[in-house]
Each structure stands twice: as C-alpha cells, then as structure tokens.
Amino acid sequence: DLAGAVHCMACWWLSLILLTTSAAPVREHAAYTYLSYAQIVQSMRVMAEEHPAVVSLSTAERDFGLAPVGKCGREPCQVWILRLGSSGKPRVFISGALHGDEKVGTMVAMAVAEFLATRHAAGDPWVRQLLASREVVIIPAPNAVGFHHGVRHELKRDPNRDFAFDQRPGECMTTLTARAINEVFRQGVPMVVAVTFHGGDHLRGWAWGDKSHGGISHAPDHEAMQWVAGAMRAWAGPFGHGLYKVGTMTETIYPVRGGMEDWAYGGSWETRMSVQCRGSAGYPTERTVYDDQMLRCPMFLVETAVSKHPPVGTLGQRGQLLLPGGVGDGHVPKN
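On a predicted model such as this, the values are computed, not experimentally measured, just so you know.

*Asks:* Quick question: what am I supposed to make of the nonpolar core here?
*Replies:* One broad rule of soluble globular proteins: the nonpolar side chains tend to lie buried together. Leu82, Leu84, Phe93, Ile181, Phe185 and Trp263 are the most contacted members of the largest nonpolar core, which has 91 residues in total. The element that contributes the greatest number of residues to this core is helix H4 (residues 104–121), accounting for ten residues. Discounting residues that sit within four places of it in the chain, Trp263 has contacts with Phe163, Ala164, Phe165, Met173, Ile181, Asn182, Phe185, Tyr290 and Leu295.

The structure is reproduced here in structure tokens:
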C-alpha cells in the first residue's frame, strides 16, 4: 500500500545516508567526467562482466521486444538497463537523462551503479544488505538517441510528456523512452521509490506536477515525500547554487501533462488522471492498463544544476562521493 511504499522509500534513503556516513572513504580519487553513449555502454558491459553475481545488463529491445529508435554512431540506439541486487525483492528505480541534453543525471546514475557494484565486491556490509533486500534498476540514458545527439527530445517528441497520466489518449506512449520505462514498471515486483534526474534548475520535486490537480493540490503522501526530500536536500549540501529548493513539481517548476513522476506515483489509483493510450503505432493499448499495484511509486524529480551541461571541472571526484562539502565535491557527489 502507499504507507508501505513510503516507509520503504524512507528506509532506502536512510540506508544510503547511513551507508555513506559509516563506510570507509573510496580510495579512487579520479575526477568524474562526461561519458558518451558508447562509453556508457562499454562501462556497463565491463561492470556486468566483473560483477556477475550482483549486476545484470540488458536492453529494452531484448527484454520487451521494443524496436530501437535512431542511430548512435554506427549502431542502433538502445535503451540499456542495469539491474543490481536481488530479483524478486522490492525495486528501486533510477532514471538518468530522460531529456537527452541534461547530462549530469546520466553521470550520477552511472556513479551509483559503480559505487554499489564495487563496494559489494569489497564486502561492504551496508551495500551487501542493501542489495540483498532490494533490486535497484538503473537506466542511465532512457532517451538514448537524444543523449547521443545532445538534444532534449526523442525524435521531436518530449519523453516527459509521453506517459499515461493527465494526457490525451492519442498522445502518450509514442516514444521508446516512455515505452521502455512503462515495461520496466509493468514487469516484476512493484517499484517502491524512484528518482529521475533532470537539469536546468536546482531542486527536489514530487507529486503533484500535472495540470489537472491544480497548483494547491497536495498528494496523499505529501508530508512523507516532503520529509524525504528535505533529508535529501540536507545531505546533498550547498555545493553550486546552495541548498536545493524543495516542493511539489507544480510549486517548484510548472505543471505538465504526461509526466513520468505523477504517472509512476498515481497511475494505479488516481483513475481521474490515468489514461489508456491508443493510436501509438506498434504499441498495444493494453500495455497502459495497470493493476492496483503497478504504479504506486513515489518518484522524486531532481534538477541537478542550473546549467544542463555544467563544466566538467565541477562534476567532482570519486574519492569525495561520500563526503558532502569536501574539497572534491561536485555535481555528481551532490546528486
């Protein structure tokens, strides 16, 4: 239920905070840098090969039979999915660049995966407990073609207006990005908490962010999500533009139709806004028919930085990933 989901959500973030305050510092002090689509794919392949007991790698095309969209170099662009931890346990979802020109989130998603895999291999008890009790699903570049070309949209369509919530039935699930995430949420144990990374502002937001609820409408779990976002804000620290703004997406950004965050949170129970998408070539309407448990996941929108592509020298260092405000702090450790 929703109370249980929020409890699991709080446990997940508190576990990460306890982990980072108790774990020994990472010895690797290499600076973070921007990775290309090809470099991300290669890094994920190496991670899966080196840590097969805890990391698996696949694609939405392979898992769900979805057709690739566009070219990434000489190869078709694919939506790559990392899964870390224990299949069959409650799931946590992390989305990188839903908008392809907002690069920091992809680097953060990769850093989280790298951290969990390497610390698990090193025998870190907190990481081992985390991954024994949940499955972490990470899609570093869900909008693969947009990421590769450095543009916001997937072939002229905004993926974060493409979900089956407060949208016209003929204008949702048209992108590979949305379809891939839809399938990830549909299949397996329900997601209990999620984070989606964006760029162009400096905040933590949560439901509601759709147009139909109105600017003053708060979700049933508003106080719990506000508390968790406040803890995230405090832990992130003041690097860059100071402490993050926090609030509902309507209050801190602007309302939209077809947003992923509200869809993930309310798609199973807020029937006034949930829609069945139709008219999307090659994607059946029944894939947007959800049972009572599929979409009850509090999802936090993180606007990582005011710049969508801040200077590489501000991304931070691996050795500072666990040290908020340290000399190597930056946009990746902060987020």
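Structure shown, so let's carry the discussion forward.
*Asks:* Looking at this structure, how should I read the packing of H4 against helix H5 (residues 125–132)?
*Replies:* Interhelical geometry of H4 versus H5 gives an angle of 115° and a closest axis separation of 8 Å. Comparing their axes, H5 and H4 come out roughly perpendicular. Both H4 and H5 take part in a crossing whose hand is left-handed. Counting all contacts with H4, which are made through Phe115, Leu116, Arg119, His120 and Ala121, the residues of H5 involved are Val127, Arg128 and Leu131. Looking at the contact of H4 with H5, its residues break down into five nonpolar, one polar and two charged.

*Asks:* I'm lost on the side chain of His198 in this one. Help?
*Replies:* As for its position among the elements, His198 is in strand E7 (residues 191–198). The class of His198 is buried, set by a relative accessible area of 3%. Only 3.2 Å separates the side chain of His198 from the side chain of Glu102, close enough to count as a polar contact. Among residues more than four places away in sequence, those in contact with His198 are Leu98, His99, Glu102, Asn160, Glu261, Leu301, Val302, Glu303 and Thr304.

*Asks:* Explain the confidence of the model for the protein chain to me, please; I cannot follow it from the model alone.
*Replies:* Parts of the model with low pLDDT should not have their predicted coordinates read in detail. Here the protein chain averages 90 in pLDDT, and 91% of its residues register 70 or above. Here residues 17–27 is a poorly scored stretch, pLDDT under 50, and it has 22 contacts once near neighbours within four places are set aside; other chains count.

*Asks:* What is the right way to read the state of the cysteines from this model?
*Replies:* Note on terminology: a disulfide is the covalent bond linking the sulfur atoms of two cysteines. The final tally for this structure, using the stated rule, is two disulfides. The disulfide partner of Cys172 is Cys277, and the gap between their sulfur atoms is 2.0 Å. Torsion about the S-S bond of the Cys172 and Cys277 cystine: about -120°, corresponding to left-handed handedness. With Cys172 in the loop between helix H6 (144–149) and helix H7 (176–186) and Cys277 in the loop between helix H10 (260–266) and strand E10 (299–303), this residue pair connects regions lying 105 residues apart in the sequence. An identical accessibility class is assigned to Cys172 and Cys277; each is buried.

*Asks:* What exactly am I supposed to notice about the pattern of salt bridges here?
*Replies:* Side chains that carry opposite charge are capable of pairing whenever their charged atoms lie near each other. Summed over the entire model, instances satisfying the criterion amount to 15 salt bridges. Taking the shortest distance from any N to any O, the salt bridge between Arg296 and Asp292 comes out at 2.9 Å. Several salt bridges share partner residues, and in doing so they unite Asp101, Glu102, Arg152, Asp158, Arg161 and Lys308 into one network.

*Asks:* Please explain the packing of aromatic side chains as it appears in this structure.
*Replies:* How two aromatic rings sit relative to each other is given by the distance of their centres and the angle of their planes. Applying the stated criterion across every chain, the model contains eight aromatic pairs. Put simply, the rings of Phe93, Phe163, Phe185, Trp263 and Tyr290 pair up and form one aromatic cluster. Above the ring of Phe147, the side-chain terminus of Lys103 is found at 3.8 Å from the ring centroid. Between the NZ or CZ atom of Lys334 and the centre of the ring of Tyr244, over which it lies, the distance is 4.5 Å.

*Asks:* Is there a simple way to think about the packing of helix H2 (residues 37–50) against H4 in this case?
*Replies:* The relative placement of two packed helices is expressed as an angle between their axes plus a distance between the axes. Two elements in contact, H2 and H4, have axes separated by 11 Å at closest approach and are oriented at 15°. Relative to H4, the element H2 lies roughly parallel. Where H2 crosses over H4, the handedness of that crossing is left-handed. In contact with Ile40, Ser43, Met44 and Met47 of H2, H4 contributes Thr106, Met107, Met110, Ala113, Glu114 and Ala117. Split by residue class, the contact of H2 with H4 holds seven nonpolar, two polar and one charged.

Each value, and the rule that gives it
- Residues numbered from 1 in each chain as written.
- Predicted model: local features only at pLDDT ≥ 70, side-chain atom pairs only at ≥ 80, totals over all residues.
- Heavy atoms only, no water.
- Core = buried A, V, L, I, M, F, W, Y, C linked by side-chain atoms within 4.5 Å.
- Buried < 20%, exposed > 50% of the residue type's maximum accessible area, 1.4 Å probe, protein only.
- Helix = DSSP H or I, 4+ residues; strand = E, 2+ residues; numbered from the N terminus.
- Contact = heavy atoms within 4.5 Å.
- Axes fitted to C-alpha atoms, helices over the stretch in contact; angles between N-to-C directions.
- Parallel < 35°, antiparallel > 145°, perpendicular 65-115°, else oblique.
- Left-handed = near helix turned anticlockwise from the far one by under 90°.
- Nonpolar A, V, L, I, M, F, W, Y, C, P; charged D, E, K, R; others polar.
- Polar contact = N/O pair within 3.5 Å; in protein donor to acceptor, adjacent residues only side chain to side chain.
- pLDDT = per-residue confidence, 0-100.
- Disulfide = S-S within 2.5 Å.
- Salt bridge = Lys/Arg side-chain N within 4 Å of Asp/Glu carboxyl O.
- Phe/Tyr/Trp six-rings, centres within 6.5 Å; stacked < 30°, edge-to-face > 60°.
- Lys NZ or Arg CZ within 6 Å of the ring centre and 35° of its normal.

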